[in-house]
Amino acid sequence: MIAGTERTPLPRDFFDRPVLEVAPDLLGRTLVRRTPAGPLELRLTEVEAYDGPNDPGSHAFRGRTARNDVMFGPPGHAYVYFTYGMWHCLNLVCGPEGRASGVLLRAGEFQVGAELARKRRLSARHDKELAKGPARLATALDVGRHLNGTDVCGGPESPLAMLAGTPPTPDQVRSGPRTGVGGDGAPHLWRFWISDDPTVSPYRAHQPRRRRT
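Rules behind the numbers
Residues numbered from 1 in each chain as written. Predicted model: local features only at pLDDT ≥ 70, side-chain atom pairs only at ≥ 80, totals over all residues. Heavy atoms only, no water. Patch = residues over 30% accessible without salt bridge, like charges linked within 9 Å, V, L, I, M, F, W, Y side chains within 5 Å. Areas by Shrake-Rupley, 256 points an atom, 1.4 Å probe, with all protein chains shown as cover. Salt bridge = Lys/Arg side-chain N within 4 Å of Asp/Glu carboxyl O. Buried < 20%, exposed > 50% of the residue type's maximum accessible area, 1.4 Å probe, protein only. Helix = DSSP H or I, 4+ residues; strand = E, 2+ residues; numbered from the N terminus. Contact = heavy atoms within 4.5 Å. 1 Å grid on protein atoms, 1.4 Å probe; cavity = no way out; pocket = protein on both sides within 12 Å on 5 of 7 lines; lining within 4 Å. Points joined across faces, edges and corners; volume = space filled by probe spheres on them. Phe/Tyr/Trp six-rings, centres within 6.5 Å; stacked < 30°, edge-to-face > 60°. Lys NZ or Arg CZ within 6 Å of the ring centre and 35° of its normal. Pairing = 2+ DSSP bridges.

Some details on a nonpolar patch on the surface
Thinking step 1. Residues Tyr84, Met86 and Trp87 make up a contiguous nonpolar surface patch of roughly 380 Å² in combined accessible area.
Thinking step 2. Judged by relative accessible area, tryptophan 87 falls into the partly exposed class, the value being 37%.

A short note on the pattern of salt bridges
Thinking step 1. Counting across every chain of the model gives 15 salt bridges.
Thinking step 2. The salt bridge involving aspartate 69 is made with arginine 64; its shortest N-O contact spans 2.7 Å.
Thinking step 3. In this structure aspartate 69 comes out as partly exposed when scored by relative accessible area, which is 35%.

With respect to the side chain of aspartate 51
Thinking step 1. Note that aspartate 51 resides in the loop between strand E2 (38-50) and strand E3 (78-83).
Thinking step 2. Residue aspartate 51 is classed as buried on the basis of its relative accessible area of 12%.
Thinking step 3. When near neighbours in sequence (up to four residues on either side) are disregarded, aspartate 51 contacts Val19, Ser58, Arg99, Ala100, Ser101 and Trp190.

Side note on the layout of surface pockets
Thinking step 1. Each pocket or cavity is described by its volume, and for the largest pocket that value is around 1200 Å³.
Thinking step 2. What lines the largest pocket is a set of 38 residues, and nearest its centre among them are Thr83, Tyr84, Arg106, Thr179 and Gly180.
Thinking step 3. Considering each element in turn, the lining of the largest pocket owes the most residues, 4 residues, to strand E5 (residues 102-112).

Some thoughts on unusual backbone geometry
Thinking step 1. Despite not being glycine, aspartate 142 shows a phi value in the positive range, around 55°.
Thinking step 2. With respect to the helices and strands, the residue aspartate 142 is situated in the loop between helix H4 (134-140) and strand E6 (160-163).
Thinking step 3. Aspartate 142 sits in the partly exposed class, given a relative accessible area of 29%.
Thinking step 4. The phi dihedral of aspartate 196 is positive, around 65°, even though this residue is not glycine.
Thinking step 5. Tracing the chain through its elements places aspartate 196 in the segment after strand E8 (191-194).

Observations regarding the environment of arginine 17
Thinking step 1. Here arginine 17 lies in the loop between helix H1 (12-15) and helix H2 (19-25).
Thinking step 2. Through-space distance from the C-alpha of arginine 17 to that of glycine 95 is 4.6 Å; in sequence the pair is 78 residues apart.

Considerations on the packing of aromatic side chains
The geometry of two aromatic rings is summed up by the distance between their centres and the angle between their planes.
Thinking step 1. In this structure the tally under the stated criterion is 2 aromatic pairs.
Thinking step 2. When the centroid spacing of 5.1 Å and the interplanar angle of 75° are considered together, the rings of phenylalanine 14 and phenylalanine 15 count as edge-to-face. By the burial criterion, phenylalanine 14 is buried, and phenylalanine 15 matches it.
Thinking step 3. Centre to centre, the rings of tyrosine 79 and tyrosine 81 are 5.6 Å apart; their planes meet at 40°, and the pair counts as tilted.
Thinking step 4. The ring of tyrosine 50 has arginine 178 lying over it, and the distance from NZ or CZ to the ring centre is 4.5 Å.

Considerations on the pairing of E2
Thinking step 1. Of all 13 residues in E2, 12 are buried, a share of seventy percent or more.
Thinking step 2. By the bridge criterion, 6 bridges tie strand E1 (residues 30-35) to E2 in an arrangement that is antiparallel. By the bridge assignment, threonine 30 is partnered in E2 with arginine 43.
Thinking step 3. The turn linking E1 back onto E2 is made up of 2 residues.
Thinking step 4. Pairing of E2 with E5 involves 9 bridges; the strand directions are antiparallel. Bridging across to E5, glutamate 41 finds its partner in valine 112.
Thinking step 5. Sheet analysis places E2 next to E8, joined by 3 bridges and oriented antiparallel. Within the sheet, the bridge partner assigned to glutamate 46 lies in E8 and is tryptophan 193.

Keep in mind these numbers describe shape, not what the thing actually does.
Written out as structure tokens, the structure is:
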């Protein structure tokens, strides 16, 4: 765990660790999104780990592709993907370069810039829903494929950064199955969240898609 003040940027070696160490350690950390309209800051409350070649639920399970290339790069970079033809999701690459793993950022609480997030999340009934789920989080923060590969350890000019924040105590951290992951990856208890936090998204089991006849 990184010690220091809440505003201390997380160094690259924070991310250069096994994904199952990094993922729960991201809870309570502050994600910073710098935009032309102003900064947004989100305290992370829910994440999921994806362990590349050891994980059938990972985009990198079957090897390197143009889509997942960033996952094989240096740790501390953003991996942004487009899903269901509608939404983007934001992940942070971790582990040694060349071995793909990453943490999906699933939910958080806005500490700065909620007014900007509301403009992008007009359907949110209240601020606790602004980033309640990975697609909502990315939408609220104006995260798209243009940020794929962004260095979150790149200093004050980077559009994305991670600060030390205020991690929860160990007894506040919960784990369980990942949302919507089926097959051999379903049993992994690699979703981590802060207990009783109202911004955490509801768990949904994988639902197989029906084949068209």
